[in-house]
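# Analysis of the macromolecular model
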Amino acid sequence: MVDRTSIFGAAEADGIVRCDACPVLCRIRPGRAGACHRYANEDGRLVRTDPLVLLTQTDQPLVPFLEGAEDWDGGITRPTFVTAIGAGTTYPDYKPAPFIVSSQHQGVDTVTVVTEGIFSYCGLKAKIDTDRHLGPESARVMHEGEQIGHVTTAEYGSQMLSIGGVRHLTGGSKREGSVTCATMLALASKQAIEVEIEGGSRLILQAGAAPIVNGVPETRMRVGCGSAAVGIFAQQWQGHVDEVIVVDDHITGVLTEHQAGKCLNMRASGIRVRGRRSTPGRYFQVAHPGSGWGGTDVTDPLSLIESIDPKLAWPGLRLLLTSTTGEDFLYVELDEALRPVPAPVPAAVAATVARIGENCEPALTSILFMAGAGGSLRAGVTDNPILLTRAVQRGEVVVTMGGAPCYLYPGGGITIMADVLRLPDKAFGHVPTPALVAPLEFTLRADLYAALGGHVDQAISLATLLAQEGDAARREAWLSDNPWPGAPG
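Residues numbered from 1 in each chain as written. Predicted model: local features only at pLDDT ≥ 70, side-chain atom pairs only at ≥ 80, totals over all residues. Heavy atoms only, no water.

Before going further, it helps to examine the pairing of strand β15 (residues 146-151). Pairing of strand β14 (residues 140-143) with β15, which is carried by four bridges, proceeds in the antiparallel orientation. Note on β15: the bridge partner recorded for M142 is Q147. Linking two consecutive strands that pair antiparallel, namely β14 and β15, is a turn of two residues; a positive phi of about 55° is found at E144 within it. Across three bridges, the pairing between β15 and strand β16 (residues 158-164) is antiparallel. By the bridge assignment, V151 is partnered in β16 with L161. (Pairing = 2+ DSSP bridges. Helix = DSSP H or I, 4+ residues; strand = E, 2+ residues; numbered from the N terminus.)

It is worth spelling out the pattern of salt bridges at this point. Between side chains of opposite charge, a pair can form when the charged atoms approach closely. Within this structure, the stated rule accounts for 21 salt bridges. In this structure, R45 and E42 form a salt bridge, with 2.5 Å as the shortest nitrogen-oxygen distance. Take R45: its relative accessible area is 30%, and that puts it in the partly exposed class. The partly exposed category is assigned to E42, whose relative accessible area is 30%. With its nearest N and O atoms 3.4 Å apart, the salt bridge here joins R202 to E194. Residue classification places R202 among the partly exposed positions, given a relative accessible area of 38%. If you follow the salt bridges from partner to partner, you end up with R38, R48, D50 and E116 in one network. (Salt bridge = Lys/Arg side-chain N within 4 Å of Asp/Glu carboxyl O. Buried < 20%, exposed > 50% of the residue type's maximum accessible area, 1.4 Å probe, protein only.)

All right, on to the packing of aromatic side chains then. Enumeration over the complete set of coordinates arrives at seven aromatic pairs. Ring geometry for F233 against W237: centres 5.9 Å apart, planes inclined by 55°, an arrangement best described as tilted. With a gap of four residues between them, F233 and W237 both fall in helix α4 (residues 226-237), about one helical turn apart. Taking the relative accessible area as the measure of exposure, F233 reaches 1% and is therefore buried. Their ring planes at 75° and their centres at 5.2 Å tell us that Y407 and Y409 sit as a pair that is edge-to-face. Members of the aromatic cluster, joined through ring pairs, are F81, W478 and W484. Above the face of the Y39 ring, R48 is positioned so that its terminal group lies 5.2 Å from the ring centre. Above the plane of the ring of Y156 lies R222, whose end atom (NZ or CZ) is 5.0 Å from the centre. (Phe/Tyr/Trp six-rings, centres within 6.5 Å; stacked < 30°, edge-to-face > 60°. Lys NZ or Arg CZ within 6 Å of the ring centre and 35° of its normal.)

Here we take up the sheet that holds strand β7 (residues 53-56). What the three strands build is an open sheet, ordered β10-β7-β40; its pairing is mixed. With one partner strand each, in any of the chains shown, β10 (80-82) and β40 (474-477) form the two edges of the open sheet. Pairwise comparison of adjacent strand axes, ignoring direction, gives a mean angle of 30° for this sheet. In the sheet, β7 pairs with β40 via four bridges, with the strands oriented parallel. Bridge pairing in β40 links L55 to E476. Sheet contacts for helix α10 (residues 462-469): β7, β10 and β40; angle to β10, the most-contacted strand, approximately 75°. (Axes fitted to C-alpha atoms, helices over the stretch in contact; angles between N-to-C directions. Contact = heavy atoms within 4.5 Å.)

With that out of the way, let us pick up the sheet that holds strand β25 (residues 276-277). What the seven strands build is an open sheet, ordered β25-β26-β23-β22-β28-β29-β30; its pairing is mixed. Each edge of the open sheet is held by one strand with a lone partner, namely β25 and β30 (340-342). One ladder, built from two bridges, connects β25 with strand β26 (residues 282-284); its direction is antiparallel. If you follow R276 over to β26, its bridge partner there is F284.

Mapped onto the secondary structure, V53 falls in strand β7. C-alpha of V53 to C-alpha of R475: the two residues are 422 residues apart in sequence and 5.9 Å apart in space. Ignoring any residue separated from it by four or fewer positions in sequence, one finds V53 in contact with F81, V82, T83, I85 and R474.

This part is about unusual backbone geometry. Across the junction of T433 and P434, the peptide omega takes the value 0°, indicating a cis bond. By the secondary structure assignment, P434 is in the loop between β37 (429-431) and β38 (435-445). You will see that L25, though not glycine, has its phi angle at about 55°, which is positive. The partly exposed category is assigned to L25, whose relative accessible area is 38%. With a phi angle near 50°, Q106 is a residue other than glycine that sits in the positive phi range. Tracing the sequence through the fold places Q106 in the loop between β11 (99-105) and β12 (108-119).

Attention now moves to the nonpolar core. Ranked by internal contacts, the top residues of the largest apolar core, which has 64 residues, are L161, L203, F369, M401, F428, L440 and F442. Among the elements that line this core, the one with the most residues is helix α3 (residues 174-188), at seven residues. Leave out the neighbours within four places in its chain, and L203 touches I128, L134, L161, I193, E194, V195, I197, I212 and V213. Ranked by size, the runner-up nonpolar core spans 20 residues in total, among them Y283, V286, L317 and L321. (Core = buried A, V, L, I, M, F, W, Y, C linked by side-chain atoms within 4.5 Å.)

Attention shifts here to α3. The end-to-end C-alpha distance of α3 is 21 Å, a good match for the 21 Å that 15 residues give at a rise of 1.5 Å each. Burial within α3 is extensive, with eleven of its 15 residues counted as buried. By the burial criterion, the buried members of α3 are E176, G177, V179, T180, C181, T183, M184, L185, A186, L187 and A188. Remark: K190 follows α3 within two positions and exhibits a positive phi of approximately 70°. (Expected span 1.5 Å × (residues − 1).)

Next up, the structure:
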């Protein structure tokens, strides 16, 4: 634990310490922690219960440590990045960021400014790889009886949820805000959470794990819509079947009607499926959304056949019906009365169904944290925040969260999104206002930092910071999939 009293707190009578690291302003008695459990009173000193996290590139060769610096002791180390995890906040907003660290990257003098942001304006985007119908678009997402988000647009092979946001955190009841904050913190911390969608499914979500829909783990993300599957596998089906229907909630494909089948000179089968015909071989609304074949409510795929034209169909016609993942399939042949009758699946046909499954990626849940960096946070970086904003927008500043790369949304402000799996564990916290606490780092050239009106007089060298933190810091290996956040040239 590191003493933070001089930065974030003030001593009072009876050993009580008032913490001003967030708007709650806890008065913490000796031996106790504040409401967020991130700060505690240790013998009249305010200490940070979570250590500062340092990330080291362990796969890089040892190099002289800041050679030429006055406090260099001649030792050697590996490249180290100071994250904002455990750094603390700038609240009550007039203070510089907790750590402004100078170092060198590939011979360039750089500055990394680290701070933990208190985000009321934040949310999570949950990408759920499944064809299952989770719930109507805009349906409420519930947890512990409170709305914490809503269903948003379905994407190609995935269903999307929007969780959190300022209106749920602060715009509803106190309990709604608390439940929303706790759910967001758990999901951002890579924990499993069960949610319920009104008029839809119950889900267990965990970043990097398969979604569990109504108690059933998903295994495959679809290869494409029904029409796409027809286009991909048409040539592999040719000669082994006479017709294929790929069942899909969005676009159901019919091989011989589809342009792919026509280009292969496949004979028309005369089999017409239900639904609204879009273009040749492509059908919308063949059934209602559901948890059956291809994200529909269909459990008997033969029910999709509206008619069989006796002028075109023939006895012995070989028909394959399959879902977009290949998990559900049925092989039938038409009898003398042109009725579809289940038949043994030829090996060549089974191989094509297996190929569909082979082309499906594993179904996963992705949790993306999204937030806007507001004025007070930026003021901890520079005394003129708009200059930082413009430099970020011009790509002159690398913005990271716990070392993880961020996607910067276009337009005004600094609105960012990051994959929680690319952050170290225990990267997020909360305050009971309610709001999430998340790390944020700005890395830029030292000369640019000075030109932006940065708090240059508060900067310390990396060597000094490491000496100050000592064994209290938490050292972890750099995640190799993340780019090293050196300052742009």
